[in-house]
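Letter by letter, the chains look like this.
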Amino acid sequence: MSTTVEKHPFQAEVNEVLSLVVNSLYSHREVFLRELISNAADAIDQLSFRALTDHSLLGDDQDLRIELVRDEKAHTLTIRDNGVGMSRDELIEHLGTIARSGSKRLMQSLSAEQRKDLTLIGQFGVGFYSAFLVADAVTVVSRKAGSDETWVWESQAKGDFEIRGGHRTGRGTDVILHLKDDAREYATEWPVREVVRKYSDYVRWPIRMQVERGKEGEPKTEWQTLNQARALWTRPKAEIEPAQYQEFYKSLSHDWQDPLAWTHFKVEGAHELTGLLFLPSQAPFDLAERRKGGVRLFVKRVFIMDDAQEIVPEWLRFVRGVVDSEDLPLNVSREILQKDATTRFIRKQVVGKTLALLEELAAEGETPREVDGEQRQVRRYESFWTEFGRLLKEGVYHDFEARDRLAPLLRFRSSHGDGWHGLKDYVGRMPAAQKAIYFVAADSLATARSSPHIEALRKHGFEVLLLTDTIDEWIVDALREFDGRPFVSAAKGALDLPESEADKQRKEELQQQLAPLLERVQQALGEQVKSVRVTDRLTDSPACLVSDAHGMSAHQERILREAGHAVPAQKRILELNAEHPVVKRLQAIGDEATFADWVALLHDQALLAEGSLPPDPAAFSRRIQALMAAN
Ligand code: ADP
């Protein structure tokens, strides 16, 4: 083996993450042990998984374990595992670059201010680099399982690391921390014990340490196991403290914050299954992309794979946790997973238990929680919704089976008042005369709230959902109805508002009276509109544009166009408010040129009020100026 020492620079982003970690996480520095023990446990998981098919990898070193070796004189602490180990290339790749492209991009986009934000930094999953919180130099000695080469990685976190050949008996990895002067306590027994108890008690492999026992003058050292070494999810719920669930979550997800909630369940019967699923408090910055480490699959306590997509539908990609099956074969592969009926059963359980947890949260009142460093009373479901609501909408759209349970979990803004509103509450508030669930979609809440389309609905005391998320209209289209009430767009078709006989008659009279005007307006606008009619949805505005009952709304059209789809422009119906003074004056205009200008203005301001742009903004402002000058 080569005895030369090679120097490698860290990838630029590693330097940045390193300086961030060391400067920002200082007051939480004891987490380094959780991170390194978690890596060691993962390495042992990987080994035991590979040993399923290649038993020789275990050799005569079958007692899988993590050891903490302290040297009080040399001021070092070593985290040792007999797991899968790393080759030379893996040392360079894993400990010299940031693999996750999302992390790299986030790093580049952070402002100086944001870089001080712990929760953002936590999202990098500081992992291995947290060693530098307590060490000014770190030496990693590793031998990959099945290889007889040992390689040493060493760095002082000053921009580069060294790689050289080395010696180690047997496979696995030693992470040797050369402790900083003010962190020397981590070479002594009690602080290490304390940190393991606090952060790593749930680790499923034994964590052992040499301790001094015996009488004074007759010192004796012995190996002690510091943890229970039983996978957390296999323990009875009653024996698990909330803090243990929280630590388990953090090591599993590398999240910095406590989870929002979790569900721990056992399914018995034809299939047996244990699961522990967590909802994070905050959405990761790269939620849109698929992230690794969602739900880990175990079979009879043996780790099988990270992020088993077959058992978690894509719209549940925010869920973190573990699922441990008693039924799948130990040598299960992705291909088998895709075909095995057990997979469908597990997936159903994961979806069902997550939905049950969400239902529980949705039914819950306010609870005290820390928000931005302050204790506040909050509804946990609302914070969940703000972070992850979008994915439940994806679920409604893509997962037909889950749709019925998802619908009551959706939250919307509404004309009823500030805050989020569920459909159950909406229906509960419906007056007897109201038959449908009304909605209006716009780019912003303010535009939706002041939309002319909802004027009459408001007058009737009918609540209107204000949809501002781009996918909302597709979601209500997919749902079609809730609790037997259809969703009806305030900007489409006829609204069918309840009306008295007198109202009906009056409307018919108006329609007849105005027939010549409607005809003139239609002629003035020509191809720009499909038709012109008297409205029943306006009270304060003179005009609005509506789509056919089954057509696309202007808002949907705009979204599709912005997303680069070639959507043919749909002609819409111009509705006039017969009671409005502007419409009344319009009737009196004899001069065709003036009439045409007024009609063009009515049409353009109907577009503006719904959040669309007039087709010819310059002509629009010319007409306004002329009107202003004339008065
Ligand atoms: P993460 O664990 O989030 O991937 P880390 O920075 O903690 O990030 O570790 C980077 C990678 O280095 C790990 O994914 C793993 O491949 C490798 N690694 C770290 N520690 C060990 C270890 N003790 N044994 C084997 N591989 C390890």
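Since this is a predicted model, take the numbers as computed values, not measurements.

Student: What's the story with empty space enclosed by the protein in this structure? I'm lost.
Tutor: To find leftover empty space, a probe the size of one water molecule is rolled over the atoms. On inspection of all chains with the given rule, the structure shows 3 cavities of 30 Å³ or more. Within this model, the largest cavity holds a volume of roughly 150 Å³. If you go around the largest cavity, you meet 18 residues; those closest to its centre are A441, H453, A491, H555 and E610. Those elements giving two or more residues to the lining of the largest cavity turn out to be β19 (437-441) and α17 (554-562). With 3 residues, α17 is the single largest residue contributor to the lining of the largest cavity.

Student: Even after reading the chapter, I still don't get the site of the ligand, so can you show me in this structure?
Tutor: The environment of the ligand is made up of 11 residues, and the closest members are N39, D81, H94, F128 and H254. Between T173 and the ligand, the recorded distance is 3.4 Å, taken from a side-chain N or O atom to a nitrogen atom. Here the ligand has 530 Å² of accessible area as a free molecule, and 82% of this is covered by the chains. Elements with a contribution of two residues or more to the shell around the ligand: α2 (31-53) and α3 (88-96). Among the residues making up the shell around the ligand, the classes are represented as 4 nonpolar, 5 polar and 2 charged.

Student: Please explain the nonpolar core as it appears in this structure.
Tutor: When a protein is soluble and globular, its nonpolar side chains tend to lie buried together. If you look at the biggest cluster of nonpolar residues, it comprises 75 residues, and the most contacted ones within it are L33, I66, L68, I79, V138, W153 and L177. When residues of this core are assigned to their parent elements, the largest contribution, 11 residues, is made by α2. Split by domain, this core shows at least three residues from each of two domains, domain 1 (6-230) and domain 2 (233-376). Setting aside its immediate chain neighbours within four residues, I79 contacts L33, L36, A40, I66, E67, L68, T173, D174, V175 and L177. Counting 74 residues, the second-largest nonpolar core is a separate cluster that includes V350, L391, L392 and F439.

Student: Can you help me understand the packing of α2 against helix α6 (residues 189-199) in this one?
Tutor: Helix-helix packing is characterised by the crossing angle of the two axes and by the distance between the axes. In contact at an axis separation of 9 Å, α2 and α6 are set at 65 degrees when each is read in the N-to-C sense. Taken together, the axis directions place α2 and α6 in an arrangement best described as roughly perpendicular. Seen along the crossing, α2 lies across α6 with a hand that is right-handed. Listed contacts from α6 to V31, L33, R34 and I37 of α2 are V192, V195, V196 and Y199. Taken together, the residues of the contact of α2 with α6 break down into 7 nonpolar, no polar and 1 charged.

Student: Any chance you could explain the packing of aromatic side chains here in plain terms?
Tutor: Two aromatic rings, taken as a pair, are described by how far apart their centres are and by the angle between their planes. For the structure on display, the rule yields 19 aromatic pairs. Ring centres 6.2 Å apart and planes at 50 degrees place the aromatic pair W262 and F278 in the tilted group. Here F278 lies in strand β11 (residues 273-279) and W262 lies in strand β10 (residues 261-267), a separation of 16 residues in the sequence. The class of W262 is partly exposed, set by a relative accessible area of 24%. With a centroid separation of 5.6 Å and 35 degrees between ring planes, the pair formed by Y381 and F384 is classed as tilted. Taken together, the positions of Y381 and F384, both in helix α10 (residues 380-398) and 3 residues apart, correspond to about one turn of that helix. Judged by relative accessible area, Y381 falls into the buried class, the value being 3%. Ring pairs connect the aromatic residues W233, Y245, F248, Y249, W262, F278, F298 and F303, which therefore count as one cluster. When the ring centre of W190 is taken as reference, the NZ or CZ atom of R193 above it lies at 4.6 Å.

Student: Is there a simple way to think about the layout of surface pockets in this case?
Tutor: If you add up the space inside the second largest pocket, you get close to 1000 Å³. Forming the walls of the second largest pocket are 30 residues, and the residues nearest its centre are Q257, R369, E370, V371 and D372. Of all the secondary-structure elements, those providing two or more residues to the lining of the second largest pocket are α2, α5 (118-122), α6, α7 (242-253), β15 (366-371), β16 (374-379) and α10. Tallied by class, the residues present in the lining of the second largest pocket amount to 7 nonpolar, 9 polar and 14 charged.

Student: Please clarify how the sheet that holds strand β23 (residues 529-534) should be interpreted in this entry.
Tutor: The pairing of strands in a sheet happens through backbone hydrogen bonds and is either parallel or antiparallel. Pairing is mixed in the open sheet, where 3 strands are placed in the order β23-β25-β24. Two strands lie at the open edges of the sheet, namely β23 and β24 (543-546), each paired on one side alone. Strand-to-strand, the axes of this sheet are offset by a mean angle of 25 degrees, without reference to chain direction. Relative to strand β25 (residues 572-576), β23 runs parallel, the two sharing 5 bridges. The residue bridging R533 from the neighbouring strand is E575, located in β25.

Student: Would you take a moment to explain the sheet that holds β10 for this structure?
Tutor: Within the open sheet, the 5 strands sit side by side as β10-β11-β14-β12-β13. Their pairing is mixed. Two strands bound the open sheet, and with one partner strand each, they are β10 and β13 (302-305). Sheet twist, expressed as the mean angle between neighbouring strand axes with direction ignored, is 20 degrees.

Student: What should I look at first to understand α10 in this one?
Tutor: Residues separated by three or four positions in an α-helix point in the same direction, a consequence of the helix having 3.6 residues per turn. For α10, which comprises 19 residues, the first-to-last C-alpha distance of 25 Å matches the rise-based estimate of 27 Å (1.5 Å per residue) to within 8%. The largest bend along α10 reaches roughly 70 degrees and is located at F388. Every buried residue of α10 is listed here: R380, Y381, F384, W385, F388, G389, L391, L392, K393, G395 and V396.

Student: Hey, could you run me through the pattern of salt bridges in this one?
Tutor: Between side chains of opposite charge, a pair can form when the charged atoms approach closely. Applying the stated criterion to the full structure yields 54 salt bridges. Among the salt bridges present, the one from K250 reaches E247, with a minimum N-O distance of 4.0 Å. Of the two residues, K250 and E247 are both situated in helix α7; the distance of 3 residues between them amounts to about one turn of the helix. Both residues of the pair, K250 and E247, count as buried. Residue R520 pairs with E592 through a salt bridge whose shortest N-O separation is 3.2 Å. Of this pair, R520 sits in helix α16 (residues 501-525) while E592 sits in helix α19 (residues 592-609), and the two are 72 residues apart along the sequence. With a relative accessible area of 49%, E592 lands in the partly exposed category.

Thresholds applied
- Residues numbered from 1 in each chain as written.
- Predicted model: local features only at pLDDT ≥ 70, side-chain atom pairs only at ≥ 80, totals over all residues.
- Heavy atoms only, no water.
- 1 Å grid on protein atoms, 1.4 Å probe; cavity = no way out; pocket = protein on both sides within 12 Å on 5 of 7 lines; lining within 4 Å.
- Points joined across faces, edges and corners; volume = space filled by probe spheres on them.
- Helix = DSSP H or I, 4+ residues; strand = E, 2+ residues; numbered from the N terminus.
- Near = heavy atom within 4 Å.
- Polar contact = N/O pair within 3.5 Å; in protein donor to acceptor, adjacent residues only side chain to side chain.
- Areas by Shrake-Rupley, 256 points an atom, 1.4 Å probe, with all protein chains shown as cover.
- Nonpolar A, V, L, I, M, F, W, Y, C, P; charged D, E, K, R; others polar.
- Core = buried A, V, L, I, M, F, W, Y, C linked by side-chain atoms within 4.5 Å.
- Buried < 20%, exposed > 50% of the residue type's maximum accessible area, 1.4 Å probe, protein only.
- Domains from an automatic or database assignment.
- Contact = heavy atoms within 4.5 Å.
- Axes fitted to C-alpha atoms, helices over the stretch in contact; angles between N-to-C directions.
- Parallel < 35°, antiparallel > 145°, perpendicular 65-115°, else oblique.
- Left-handed = near helix turned anticlockwise from the far one by under 90°.
- Phe/Tyr/Trp six-rings, centres within 6.5 Å; stacked < 30°, edge-to-face > 60°.
- Lys NZ or Arg CZ within 6 Å of the ring centre and 35° of its normal.
- Pairing = 2+ DSSP bridges.
- Expected span 1.5 Å × (residues − 1).
- Bend = angle between axes of the 7 residues up to and from the residue.
- Salt bridge = Lys/Arg side-chain N within 4 Å of Asp/Glu carboxyl O.

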